[in-house]
Every structure is written in structure tokens, then in C-alpha cells.
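One letter stands for each residue in the lines below.
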Amino acid sequence: MNGTPRGFNRFMLVLLGLVLMVLGAALVALAAVPPFARWWQDWAGRQVLQLGGLAAQTRMGSGAGSWIWLIVAAALLVVVIVMVSWIANQGKGRTNVLFDRTGSADDDGAAGRVVLSCAVAEQALKSALVERSDLLSASVTSYDFRGEPCVRVRVLPRQGVAPHQVAGDVGALVEAMDALLGVEVPVLVSIGSGARVRFTKAERVR
Amino acid sequence: MSEPTARILKRETHSSRAPLSVIAAIVMSLLAVYGLLETMLRALGQPPWLIDPPDAVRRISELPAGTTPVLLGVAGVLFLLLGVILLANGLLPGRRARHVITDNRVAVVVDDEVIAAALARRARLAAGVTREQVMVVVSARTVQVNVRPTSGIWLDESQIQAAVEAELAAMALDPTPTVKVNLANTGVIGV
């Protein structure tokens with residue numbers, strides 16, 4: 001539910017996969033099929049000659065190289081920027097405003113603005129969950145999901161705890177919070193297990 | 001179920017492909033930075049660091065010459081395999097080992113491991129055996145309960161099955177798995 005660009009991830013992986021497959025197939029063909037290798041040397045040799053001619057025409061004064069290299073460098077710089085922004089977009093999308101409304105004359109006439117921080121929901125849910133003995137840990141974070149704030153509750157129950165009971169209890173807590181705050185935001189409850197759960201005792205008595 | 005909840009659940013039950021994307025992006029940017037270094041050295045008329053770009057292009061254009069065919073073929077197969085891995089990661093749905101619990105207020109996803117632990121506990125109580133004698137494997141559509149009975153004590157398979165099915169019905173999972181109970185032929189002693 002975070003802002004990871006999933007479609008773009010898949011598009012880029014497909015693109016890189018296809019490029020690598022074509023490259024690999026071409027290398028195998030060069031090694032194994034002599035007619036293809038002859039055609040490649042013939043075709044690529046002509047391209048290299050053309051490139052050499054182009055480089056000679058575009059020389060920047062004596063001693064320096066061709067300005068073609070500056071264009072290539074700029075293109076590579078663009079690639080680096082795209083890659084860095086691709087990495088930076090993974091897992092982003094945290095927010096800290098749960099609810100924001102400005103009072104208006106046709107509402108109740110009160111001037112001013114009400115802003116609820118996400119910390120309200122996070123701390124209320126977290127403090128209710130950490131005192132349970134059947135949960136090893138609970139964390140609550142808020143994300144901006146398509147312009148709308150969403151709360152994500154991650155709980156790690158001890159081994160053997162029935163997940164539907166945990167889900168029902170968290171659901172009841174969320175309904176109580178809805179009644180308290182007067183706003184309903186989408187809530188995701190993720191019940192998981194981690195290394196910490198696996199190496200501790202199972203819940204025997206509930 | 002509201003529309004944002006359905007979208008959130010779809011995202012939570014499918015992989016985001018973020019780790020592989022980060023690896024691919026790092027490799028790509030390292031290659032691009034190296035290319036940038038060599039082209040800038042060339043543009044400024046400095047000697048190359050590892051290989052001069054025109055020299056590299058010329059060598060690639062003469063390719064089967066200059067290397068052994070075996071090396072070239074192995075490199076090609078390696079690239080082909082990497083490409084297939086990336087392509088498969090891009091195209092396959094990438095379901096995560098999670099189930100959805102239907103609830104009318106909150107969206108709930110559960111790791112299969114948690115479901116397995118809860119069902120193992122239920123099966124253990126129904127069979128009256130120790131924790132080590134029960135193993136539960138949960139996949140998207142099936143739940144396999146393997147029980148090793150204590151030597152000399154008869155176990156009722158249908159009773160275990162009913163107990164596990166009752167627990168699963170209480171969980172109201174989506175997709176709903178079917179239960180299969182396997183009693184081992186050999187028992188354990190000294191538990």
C-alpha cells in the first residue's frame with residue numbers, strides 16, 4: 001500500500017530482460033553460427049567506419065575529442081538520473097496528516113482549520129496492541145494511498161495464535177477509534193511472522 | 001468491500017518486485033557511470049582508464065575474432081538466463097504466501113505461516129500429541145496436515161480433519177483452502 005511504482009518496476013524488468021535475452025541470443029549465435037558471424041562483421045564493420053567518419057567531422061578544435069562524446073555522456077547521465085529516481089521511488093509514500101478540514105460558513109460557521117496528525121491513530125492503536133500478551137510486536141504506520149491517508153497495522157502474533165481472533169480484535173479497536181475521531185480511514189491489518197516469532201515459545205495458554 | 005480496500009488487498013497479496021528492481025537499477029547505474037567516465041576522458045582528450053570507447057566498439061564489431069567461441073557461447077547463455085529471470089519476474093503475477101481474511105471494516109492479510117501455526121495448534125489439541133509430531137503446510141488452495149502418532153495410540157483421522165476444518169471455517173480465508181490430513185505409518189516413542 002506504499003507508493004512503490006509497481007507497474008514501472010515490471011515494465012523496466014521486462015525491458016531489461018528482453019534486452020539481455022537478445023544480447024545473449026546474439027552472442028550464442030556469433031559463437032555457433034558462422035554465417036551470422038560473417039554477416040555481423042560485415043554490417044558492424046561498415047557502421048564503425050561511418051562512426052569514425054562522423055567523429056572526424058565533429059572534432060572540437062585540435063587536441064580535443066569529438067563533441068559526439070559529450071552527447072553520449074549526457075545520455076549516460078540521463079540514464080543514471082532515471083535509475084537513481086527509480087530506486088528513490090521504492091517504498092515511499094509515508095504521510096503524517098490523517099484528516100484536514102477547513103471550517104466554512106455553510107458548514108457550522110466556525111473559522112479555522114482542523115488537522116489530525118497520523119500520530120493520533122498510530123499511538124492509539126499501538127498502545128492498545130502492545131499490552132496484549134499474545135502479540136510479540138505491533139507497529140502502526142500511515143501511508144498516502146492515491147491521495148488518501150491509509151493506516152497499516154502490522155502485528156506479529158506468537159506461534160499458534162488464531163489469526164481471525166487477532167483480526168477481529170484489531171477491527172473492534174479500529175471501530176472504537178472511528179467513533180472517537182469521527183473519521184473513517186482505510187485500515188490494513190497485516191498479520192505476519194518473523195524470525196523473532198520463530199525463536200520464541202508458542203502461546204500455550206490464552 | 002470498498003474500492004481502495006480491494007486495491008490495497010491486491011497490492012498486499014502480490015509482490016512489488018522492489019528488491020530486484022533496486023538491484024537492476026544499481027547495476028545499470030554502475031555501468032552508466034563507468035561509461036560516463038570513459039566518454040568524458042575521451043571528450044577531454046585524456047588517456048582511457050580501462051578501455052577507449054572507439055576501441056571497444058571496434059572490438060565488438062569484429063566479435064567472433066579475438067575470443068574463444070566457448071567463452072562467447074557461455075557468456076551468451078549467461079545473459080540469456082539473466083534475461084529470462086528478469087522477464088519472468090516482470091510478467092508472472094508474483095503471489096505472496098498470504099491469505100485474505102474477510103472483514104467488513106478493516107482489510108486483513110495473514111501470512112501463511114501464521115495460519116499454519118494456528119492450524120497446527122488446533123490439530124495437536126485434537127490429536128493429543130506433542131508439537132513436534134504435527135507439521136502443517138499451507139499453500140494457496142490446500143492445507144496439508146501431517147501427524148505422526150505416538151506409538152501404540154490410535155488416532156482418529158476424521159476427528160483431526162473436522163477440527164482443522166472448523167478452525168479454517170472460522171478464519172473465513174480467501175481463497176478457501178481444502179484440508180488433507182496425512183497420518184504417518186510409523187509412530188514415535190519416548191515423547
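Residues numbered from 1 in each chain as written. Chains lettered and ligands numbered in written order. Predicted model: local features only at pLDDT ≥ 70, side-chain atom pairs only at ≥ 80, totals over all residues.

Caption draft 1: Highlighting the overall build of chain A. Across its full length, chain A holds six helices and five strands. Ordered by position from the N terminus, the helices and strands of chain A form the series α-α-α-β-β-α-β-β-α-β-α. Scored against the burial criterion, the 206 residues of chain A give a buried share of 27%. (Helix = DSSP H or I, 4+ residues; strand = E, 2+ residues; numbered from the N terminus. Buried ≥ 20, exposed ≤ 12 C-beta atoms within 10 Å, placed from the backbone.)

Caption draft 2: Examining the packing of helix α4 (residues 118-130) of chain A against helix α5 (residues 163-181) of chain A more closely. Residues and elements named next belong to chain A. Where α4 meets α5, the axes come as close as 11 Å, and the angle between the chain directions of the two elements is 140°. Compared by their axis directions, α4 and α5 come out oblique. Crossing handedness for the pair α4 and α5: right-handed. When α4 is examined against α5, the residues V120, A121, A124, L125 and A128 are found in contact with a partner set consisting of L173, M177 and L181. (Axes fitted to C-alpha atoms, helices over the stretch in contact; angles between N-to-C directions. Parallel < 35°, antiparallel > 145°, perpendicular 65-115°, else oblique. Left-handed = near helix turned anticlockwise from the far one by under 90°. Contact = placed C-beta atoms within 7 Å.)

Caption draft 3: Helix α5 (residues 112-127) of chain B, seen in detail. Helix length check: α5 of chain B, at 16 residues, gives a terminal C-alpha distance of 22 Å against a target of 22 Å (1.5 Å per residue), a fit within 8%. Buried residues dominate α5 of chain B, accounting for 14 of its 16 residues. (Expected span 1.5 Å × (residues − 1).)

Caption draft 4: Inspection of the domain arrangement of chain B at higher detail. All names here are of chain B. Domain boundaries in chain B define domain 1 (3-91) and domain 2 (98-183). Once you take the C-alpha centre of each, domain 1 and domain 2 turn out to be 45 Å apart. Contacts between the two partners involve five residues from domain 1 and, on the opposite side, four residues from domain 2. When its residues are assigned to classes, the side of domain 1 that touches domain 2 shows two nonpolar, two polar and one charged. (Domains from an automatic or database assignment. Nonpolar A, V, L, I, M, F, W, Y, C, P; charged D, E, K, R; others polar.)

Caption draft 5: Molecular detail of the nonpolar core. By size, the foremost hydrophobic cluster in this structure holds 58 residues, and its most contacted members are V153 and V189 of chain A together with L119 and A123 of chain B. With 10 residues, the single largest contributor to this core is α5 of chain B. If we ignore the near neighbours within four places in the chain, the residues touching V153 of chain A are L125, A138, V140, V170, V187, L188, V189 and S190 of chain A. (Core = buried A, V, L, I, M, F, W, Y, C linked by C-beta atoms within 7 Å.)

Caption draft 6: Structural detail: the interface of chain A and chain B. Contacts between chain A and chain B engage 70 residues on the former and 66 residues on the latter. Counting residues per element, the ones that place at least two in the side of chain A that touches chain B are α1 (6-32), α2 (34-57), α3 (68-88), β4 (148-157), α5 and β5 (187-191) of chain A. Per-element accounting of the side of chain A that touches chain B gives the leading share, 19 residues, to α1 of chain A. Along the lines of polarity and charge, the residues of the side of chain A that touches chain B split into 48 nonpolar, 18 polar and four charged. The sheet contact formed by β5 of chain A and strand β2 (residues 107-111) of chain B spans four bridges and is parallel. (Pairing = 2+ DSSP bridges.)

Caption draft 7: Examining the pairing of strand β4 (residues 142-147) of chain B more closely. Residue and element names in this part refer to chain B. Covered by surrounding structure in β4 are V143, V145 and V147 only, the residues T142, Q144 and N146 on the alternate face being uncovered. In this sheet, β4 lies alongside strand β3 (residues 134-138) in antiparallel orientation, the contact comprising five bridges. Along β4, the bridge assignment pairs V134 with V147. With antiparallel pairing between neighbouring strands as the criterion, β3 and β4 make up a hairpin whose turn holds three residues. Strand direction decides the pairing type here: β4 and strand β6 (residues 178-183), joined by six bridges, are parallel. Directly across from V147, in β6, lies its bridge partner L183.

Caption draft 8: Representation of the sheet that holds β5 of chain A in the model. Reading across from one edge, β3(A)-β4(A)-β5(A)-β2(B)-β1(B)-β5(B) is the order of the six strands in this open sheet, with mixed pairing throughout. One side of each edge strand has no neighbouring strand; the edge strands of this open sheet are β3 (135-145) of chain A together with β5 (173-174) of chain B. Here β3 of chain A runs beside β4 of chain A; their pairing, made up of 10 bridges, is antiparallel. Looking at the pairing, V140 of chain A lines up with V153 of chain A of β4 of chain A. Where α4 of chain A meets the sheet, its contacts fall on β3 and β4 of chain A, and the angle it forms with β3 of chain A comes to roughly 165°. Contacts from α5 of chain B reach β4 and β5 of chain A together with β1 (98-101) and β2 of chain B, with the element oriented near 75° to β2 of chain B.

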